[in-house]
Each structure stands twice: as C-alpha cells, then as structure tokens.
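In case you want the letters, here they are:
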Amino acid sequence: MRTPKILVVGSFVMDQIASTEVFPNEGETVIGTGFSKAPGGKGANQAVQASRLGADVTMVGKLGLDANGKELEETCKKAGVNTDHVIYDENTPSGCAVIILETKPGEQTKNRIIGIAGSNRTIREEDVSFLKDEISSFDMLLLQLEIPMEINDLVASYAYDAGVPVMLNSAPSAPIPESLLSHLTYISPNEHEIADLTGIKIGHEGKEADIGQVKKACKVLRDKGVKNVLVTLGEGGAAIDNEDGFFAAPCAKGVTAVDPTAAGDSFVGAFSTGVVLGWSIDDVLTFANHTAALTVQKMGAMPSLPKLDEVIDFMNEKGIKVPDVSRLK
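About the cut-offs
- Residues numbered from 1 in each chain as written.
- Predicted model: local features only at pLDDT ≥ 70, side-chain atom pairs only at ≥ 80, totals over all residues.
- Heavy atoms only, no water.
- Helix = DSSP H or I, 4+ residues; strand = E, 2+ residues; numbered from the N terminus.
- Rg over C-alpha atoms; globule rule 2.2 N^0.38 Å.
- Buried < 20%, exposed > 50% of the residue type's maximum accessible area, 1.4 Å probe, protein only.
- Contact = heavy atoms within 4.5 Å.
- Axes fitted to C-alpha atoms, helices over the stretch in contact; angles between N-to-C directions.
- Parallel < 35°, antiparallel > 145°, perpendicular 65-115°, else oblique.
- Left-handed = near helix turned anticlockwise from the far one by under 90°.
- Phe/Tyr/Trp six-rings, centres within 6.5 Å; stacked < 30°, edge-to-face > 60°.
- Lys NZ or Arg CZ within 6 Å of the ring centre and 35° of its normal.
- Pairing = 2+ DSSP bridges.
- Lys, Arg positive; Asp, Glu negative; His and termini not counted.
- Salt bridge = Lys/Arg side-chain N within 4 Å of Asp/Glu carboxyl O.
- Polar contact = N/O pair within 3.5 Å; in protein donor to acceptor, adjacent residues only side chain to side chain.

## Section: the overall build of the chain
- Tallying secondary structure elements over the chain gives 11 helices and 15 strands in all.
- Computed over the C-alpha atoms, the radius of gyration of the chain is 19 Å, within 12% of the 20 Å expected from 2.2 N^0.38 for a compact globule of 329 residues.
- With the C-alpha coordinates of the chain rotated into their principal frame, the extents come out at 55 × 50 × 40 Å.
- The buried share of the chain, taken over its 329 residues, is 54%.
- Long-range pairs, those at least 24 residues apart, make up 69% of the contacts in the chain with a sequence separation of at least 6.

As structure tokens, then:
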C-alpha cells in the first residue's frame, strides 16, 4: 500500500519569540531573558509535522517576496514537503508573529501570541481553483483559520464533493459558517476555541478536564453536521466524539513544557497521519499526544516538530505500544 497523501491549504508565519519571567502589565517594561526567530504558521507546521512523520505532503499557501518567505519555503522543502503550489505575493510581506513566553522556574511555560497575517490573507479563489480537479488524489485535506474563511469554505467544498476527508483545526478562534461546518469530517479546537464555538466552558479539576462539559460541547458541533469532534485539552490530554462513541486519552507523562508553541499543530499533523493509515482511535490519540509532548520540550515552532524515529523512541521509552508505521516513508 502507498504512503498516505495529505494536502495542507494554509498559512506560513515567521515567529519572533521573546522569553520573560513575567508578562508585562499595561504601560510596563520588563527585561526579557531571551529572543529567537523560528519558521512556523499553523498550515506550514502541520504540513512539516506530517511530512517528518513520513506522510507524502503537499502545501498550498502564499508568501511574500522577502527573506522570511524564502526561509519559510526552504524549511518546508527540507522537511520533505512539496511546495510546488506555494505562491509569492509581490505586494504583501510574509505573515509573522510575536510570541511572548513566560518562563518561571519550576512552572509550565505559558505563551501569548500576536499574529500578523500578511500574504496569508491575500490568497484568492484563482490561486486554489486548480484543486477542484486535483484534490481527489489526496487522502485528507487539512485546513486552519489563518487564511481567508471563504478560501477554506471553497477548498472544503472541493474535497467534500470528491469524497476526501476534511480536517479543520479551528484556530485561531473565529466564527465558522454553517457551509464550512457541513463539509467537515473532523474539527479540532482546543478547549478555549470550543468554548467560543459552543458557549460551553470546560472546567478542570487539577489537570483533569470536566469530561461532562467536553461531551456537551462536542455534541453541539456534531449536531451541526461535523462527524468527528476532536478536542485538545492541554495537560488533560485529548478527546474525540463521533458516531462510535466518546474516546479520551491522557497526555504523555513526565513532560515539562519549554515552549507550547506548535503543540496543537504537531498533534493535528500526527493525528491526521494516523487516521489516514487506518489506525484505531486509541492508537491515533496516543500517537498524537506523544508527538505533541516531544514538541513542547523544544523551543520554536517548526524546529520543535519531531521526526518519526524520535516519536517511536519516545513511546518505547515510556512503554507505550507503537502502531504499525510500515507505510510511512
């Protein structure tokens, strides 16, 4: 059987990361502890993660004619992503983000992110119309909310009509039109995003999420036509609700977060790869949780995304069964 083929239509973002021991208040200046720059963007992160795990990945998106754009494309290429359909905008700079990390000794790192869309917001229908004829060659389509909503809606309709499963990572949080929801096979919000979409805030008892509230929130989205609602719950792990029932999996144990940036993208890339391979839902969730756990232990978005052998070694170290990865390149 062939290697899974995944199409990502989404964003490129150059992350500029400042570390501090305390977030500044309004009008306050604090002295930071470090600064770095790393390629990212939800679409590109998910494409690179799936590719590093061995999937055959094609990325469609838009960059500016600047140094950031060149570096973003080269990083994706180096990870094995097909960038033949990446477009350059002559008038708009590449997307970028300012990320502030609060790093206190002995505590989990917290982050705050300001994103500047740049060329990601200039994707037009004519840039993606070729997919109407080509999308049937892919096993899954991955979308996020850092490009125009109408482009997501259009490409999702192409995939739906061709019988290709559609995964929407509903981040950053935004209202989603009914037309897009009706074409989704999977939606993957985090606990904050699902609260915005459904009005149901998920509480926690320590690290454990309130499963009753998770189920209620999932039902709201399933009632709108989404077949599978996948929720990432931070230290509470992840859960999925579909016609077969409700499944939950804890996060990997004994992990200290250094930088949570791209953890959700890592999870989605790994989850989608496992789904295309036909793994059981327990195997998919466990594999995705352990992939994301490796991501939070390193700095930066794309630089932190692990390769397949790293995930296998990590799961073996934890005594966790590794699913059949023989179809991954």
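Next comes the rest of the account.
## Concerning the packing of helix α9 (residues 263-276) against helix α10 (residues 281-295)
- Here α9 crosses α10 at 150°, and the two axes come no closer than 8 Å. By the angle between their axes, α9 is roughly antiparallel relative to α10. In this structure, the crossing between α9 and α10 has a hand that is right-handed. For the pair formed by α9 and α10, the contact residues are A263, S266, F267, A270, F271, G274 and V275 on the first element and I281, V284, L285, F287, A288, N289, T291, A292 and T295 on the second.

## Digging into the packing of aromatic side chains
- By the definition in use, this model includes three aromatic pairs.
- Measuring from centroid to centroid gives 5.7 Å for Y186 and F271, while their planes differ by 75°, and the two rings are edge-to-face. Note that Y186 is positioned in strand β10 (residues 186-187) and F271 in helix α9, a separation of 85 residues in sequence. One exposure class covers both Y186 and F271, and it is buried.
- In textbook terms, an aromatic cluster arises when at least three aromatic residues are bridged by ring pairs, as seen for Y186, F267 and F271.
- A cation sits over an aromatic face here: K5 above F138, 4.9 Å from the ring centre.

## Notes on the environment of K227
- With respect to the helices and strands, K227 occurs in the loop between α8 (211-222) and β13 (228-232).
- In this structure K227 comes out as partly exposed when scored by relative accessible area, which is 47%.
- Residues K227 and G95 lie 132 residues apart in sequence; the distance between their C-alpha atoms is 32 Å.
- With near-sequence residues (within four places) excluded, K227 lies in contact with L184, T185, R222, D241, N242 and E243.

## Remarks on the sheet that holds strand β1 (residues 5-9)
- If you walk across this open sheet you meet the nine strands as β5-β4-β1-β8-β9-β10-β13-β14-β15, and the pairing is mixed. Only two strands of the sheet have a single partner each, and these edge strands are β5 (82-89) and β15 (245-249).
- Sheet strands in contact with helix α2 (residues 67-78) are β4 (56-64) and β5, and its direction is about 170° off that of β5.
- Along the sheet face, α10 touches β13, β14 (238-242) and β15 and points at about 30° away from the line of β15.

## Focus on the side chain of E191
- Structurally, E191 can be placed in helix α7 (residues 191-198).
- It is K201 that comes nearest to the buried, bridge-free E191 among opposite-charge side chains, at 8.8 Å.
- Only 2.5 Å separates the side chain of E191 from the side chain of H204, close enough to count as a polar contact.
- The residues touching E191, leaving out its near neighbours within four places in the chain, are I202, H204, V231, T232, L233 and G234.

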